[in-house]
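Spelled out from the first residue to the last, the chains are:
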Amino acid sequence: MAGEDLEDYTIIKEGEAEILMNVKNQVFYNKTQVNNRDLSIAVLRAFVSKRKEEHEAKLSKRTKRADKASGKDASELAVEESNGSALDNEKSNVECEVHKEISQVEPCSISEEPMKVEEGNHRGELKPPKVLEALSASGLRSLRYACEVEGIGKVVALDNDKASVEACQKNIKFNGSVAISKVESHLADARVYMLTHPKEFDMVDLDPYGSPSVFLDSAVQSVVDGGMLMCTATDMAVLCGGNGEVCYSKYGSYPLRGKYCHEMALRILLASIESHANRYKRYIVPILSVQMNFYVRVFVRVYTSASAMKNTPLKLSYVYQCIGCDSYHLQPIGRTVSKDSSVRYLPGFGPAVPQECSDCGKKYNMGGPIWSAPIHDQEWVTSILKSVKSMKDRYPAYDRISAVLTMISEELPDVPLFLSLHNLCATLKCTSPSAVIFRSAVINAGYRISGTHVNPLGLKSDAPMDVIWDIMRCWVKNHPVKAQAPDQPGSVILAKEPVLQANFARAVASLSKAQAKKVARFLPNPERHWGPKLRAGRQITSKHISLLGPEAVNEHLNHENSEEPKAKRPKTVDISDPTSSS
């Protein structure tokens, strides 16, 4: 810090890490992302322990196999040896031919990774996980990983901005010996760095300002087999249907503007990551997928298997959304047919819907493809939630992340997207039943239903749309509505008699465990204008009045005017967060 005035810096403490933030905001810092960082630390802790368990299971399996082999009597071994020596020459010739064939056809397909695994594992060793933060800015996230996650190895923090790398290096020194020994900062293009370090990192963290699409191809290649990729997307206007053509160009999927658009954003991101992974004979397994505040964040494990990769079309679907009512339908891309012990992969059956909606007679919009398989691993979610509760004091955003994890733990895992009860009622122009009454009717009809972490009013159910509309028809019979024009979607739906007679008696399972215990599940934002702040170096203009509010802008302008005249003041003001000192 020699030659620099400490008054130019503010110390920001988050968790067990502290960073020096320049008051001029030359490096991007966003305090609203504390939820994101806390959740990432919780998942990383779970990953470290899970990785250890998996390694121990492999070792014990190998030991059992070795014991079994050594338990054979000498005569069996002698017979095996004599048989083996007779076949040795033949086998070696075949192997030579096979290797020769492979090297001619697919020179890059023989990975060195298995060699490394054997070399490290024959002594029963497991190296500490190596972490890459591809876009590190101030380095706060990397420092928190190094200081707070037990058993973590090297943390590599990258940025292609010189000021950010300098700030990160200052922060590493400022955090003392643990940070200095574990965290290293590099000035590099994340894409080039990840491409030149294939299958090297146990965990790769992508948290860009905007879309992660340009980083996905190199990111899926830099993760080790069974490693973790954490990825954030903050371009929600694009992912939620504001610019469908832009979303298609970035992610390869077309979004729809339904009430479920935020969950669809998660599923589009997962489908995009899977698509990039497939190009390298890899596939993903989602562990946790979260829509929170102003972004989506997914945690996936990456594996290599040419045969398992064939299942990808079974996990993807197109979505048909009626433009008149809230009905939506999914069209899987692929299907399988099993015969004896063989499995054939075939195109999905279609069309999934007629030209016009069978409920209201309107046309469908088509979107996707989206990831339609489960987006969470419930076992992981339960484990992470339990761990978070046991370390309550170590998470600055404990209330928010425990609420989100609680809600996710109660979601139906195998039901893509969700309905909005208020939207159903808006279509019919009727008063809304309470969520408990509606859920009871669905449960009494023999179907499952749950909430969703994405929307407090969203309901996930495996009940088909005709059952949902029958329940609403029965509700309207008891709560009549004013007559509408006959061509309105609501009129067309109500003109049909319900096939199912709904039972609105209170069902025992109509309240989730968290609701029954009155556990907070949706928390208000901690302050006004909670959202993504300006990029580092960006300046206030008149358009930011709507983002930050006039009071915040005036406060900063007044603060600048009250400063001593010795420093030259710019005409406009750099800003990150009006309510904090950074």
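Predicted model only: the values in this text are computed from it and were never measured. (Residues numbered from 1 in each chain as written. Predicted model: local features only at pLDDT ≥ 70, side-chain atom pairs only at ≥ 80, totals over all residues. Heavy atoms only, no water.)

1. Here we look at helix α16 (residues 465-478)
Alright, step 1. If you check α16, its first and last C-alpha atoms are 20 Å apart, about what 14 residues at 1.5 Å a residue would give, namely 20 Å.
Alright, step 2. Burial runs high along α16: 11 of the 14 residues are buried.
Alright, step 3. Residues of α16 that are buried include every one of Met465, Val467, Ile468, Trp469, Asp470, Ile471, Met472, Arg473, Cys474, Trp475 and Val476, and no others.
Alright, step 4. Buried residues in α16 make contact with β11 (328-332), β15 (419-420), α14 (421-428), α15 (435-444) and α17 (489-495). (Helix = DSSP H or I, 4+ residues; strand = E, 2+ residues; numbered from the N terminus. Expected span 1.5 Å × (residues − 1). Buried < 20%, exposed > 50% of the residue type's maximum accessible area, 1.4 Å probe, protein only. Contact = heavy atoms within 4.5 Å.)

2. So, the sheet that holds β15
Alright, step 1. Sheet architecture is open: 3 strands sit in the order β15-β17-β16, paired in antiparallel fashion. Whereas interior strands pair on both sides, the edge strands pair on one side only; in this sheet they are β15 and β16 (449-452). (Pairing = 2+ DSSP bridges.)

3. Section: the packing of aromatic side chains
Alright, step 1. For the structure shown, the criterion picks out 6 aromatic pairs.
Alright, step 2. Residues Tyr260 and Tyr328 carry aromatic rings whose centres are separated by 5.3 Å and whose planes lie at 70 degrees to one another, so their mutual orientation is edge-to-face. Placement of the pair is Tyr260 in the loop between α10 (244-251) and α11 (261-278) and Tyr328 in strand β11, with a sequence separation of 68 residues. You'll find Tyr260 and Tyr328 in the same group, each marked buried.
Alright, step 3. Between Tyr283 and Tyr303 the ring centres are 5.7 Å apart and the planes differ by 25 degrees, which places this aromatic pair in the stacked class. In this pair, Tyr283 is assigned in strand β8 (residues 282-292) and Tyr303 in strand β9 (residues 295-304), connecting sequence segments 20 residues apart. (Phe/Tyr/Trp six-rings, centres within 6.5 Å; stacked < 30°, edge-to-face > 60°.)

4. Observations concerning the pattern of salt bridges
Alright, step 1. Summed over the entire model, instances satisfying the criterion amount to 26 salt bridges.
Alright, step 2. A salt bridge links Arg45 to Glu150; its shortest N-O distance comes to 3.9 Å. In this pair, Arg45 sits in helix α1 (residues 34-70) while Glu150 sits in the loop between α4 (140-148) and β4 (155-159), placing the two residues 105 residues apart along the sequence.
Alright, step 3. Overall, Arg45 belongs to the buried group, its relative accessible area being 8%.
Alright, step 4. The partner of Arg301 in a salt bridge is Glu54, and the shortest N-O contact between them spans 2.8 Å. With Arg301 in strand β9 and Glu54 in helix α1, this pair connects stretches of sequence that are 247 residues apart.
Alright, step 5. Owing to a relative accessible area of 31%, Glu54 belongs among the partly exposed residues under this scheme. (Salt bridge = Lys/Arg side-chain N within 4 Å of Asp/Glu carboxyl O.)

5. Re the packing of α1 against α4
Between two packed helices, what matters for the description is the angle formed by their axes and the separation of those axes.
Alright, step 1. Here α1 crosses α4 at 35 degrees, and the two axes come no closer than 11 Å. You can see that α1 and α4 cross each other, and the crossing is right-handed. Contacts from Val34, Asn36, Arg37, Asp38, Ser40, Ile41, Leu44 and Arg45 of α1 reach α4 at Leu140, Arg141, Arg144, Tyr145 and Glu148.
Alright, step 2. Here the residues of the contact of α1 with α4 sort into 5 nonpolar, 2 polar and 6 charged. (Axes fitted to C-alpha atoms, helices over the stretch in contact; angles between N-to-C directions. Left-handed = near helix turned anticlockwise from the far one by under 90°. Nonpolar A, V, L, I, M, F, W, Y, C, P; charged D, E, K, R; others polar.)

6. Regarding a positive patch on the surface
Alright, step 1. A surface patch of like charges, here positive, comprises Lys58, Lys61, Arg62 and Arg65.
Alright, step 2. Residue placement: Arg62 occurs in helix α1.
Alright, step 3. Residue classification places Arg62 among the partly exposed residues on the basis of a relative accessible area of 31%. (Patch = residues over 30% accessible without salt bridge, like charges linked within 9 Å, V, L, I, M, F, W, Y side chains within 5 Å. Areas by Shrake-Rupley, 256 points an atom, 1.4 Å probe, with all protein chains shown as cover. Lys, Arg positive; Asp, Glu negative; His and termini not counted. Charge placed at Lys NZ, Arg CZ, Asp CG, Glu CD.)

7. Points about the nonpolar core
Alright, step 1. Ranked by internal contacts, the top residues of the largest apolar core, which has 80 residues, are Met194, Leu206, Leu229, Leu239, Ile273, Phe438 and Met472.
Alright, step 2. Broken down by element, this core gets its largest block of residues, 10 residues, from α11.
Alright, step 3. The contacts of Met194, once residues within four sequence positions are left out, are Leu132, Ala134, Val204, Leu206, Phe215, Ser218, Ala219 and Ser222.
Alright, step 4. In terms of nonpolar packing, the next biggest core, distinct from the first, is built from 47 residues, Ala42, Val155, Ile172 and Leu405 among them. (Core = buried A, V, L, I, M, F, W, Y, C linked by side-chain atoms within 4.5 Å.)

8. Re α11
Alright, step 1. With 18 residues, α11 extends 25 Å between its outermost C-alpha atoms, agreeing within 8% with the 26 Å of an ideal straight helix rising 1.5 Å per residue.
Alright, step 2. Counting buried positions over the 18 residues of α11 gives 16, a clear majority of the element.

9. As for the confidence of the model for the chain
Should the pLDDT be low somewhere, the predicted coordinates at that spot are not to be read in detail.
Alright, step 1. With 76% of its residues at a pLDDT of 70 or more, the chain shows a mean pLDDT of 83.
Alright, step 2. Note that pLDDT drops below 50 for residues 77-122; the model gives that stretch 15 contacts with residues more than four away or on any other chain.
Alright, step 3. Confidence drops under a pLDDT of 50 for residues 563-582, and excluding neighbours within four residues, the segment shows 41 contacts in the predicted structure. (pLDDT = per-residue confidence, 0-100.)

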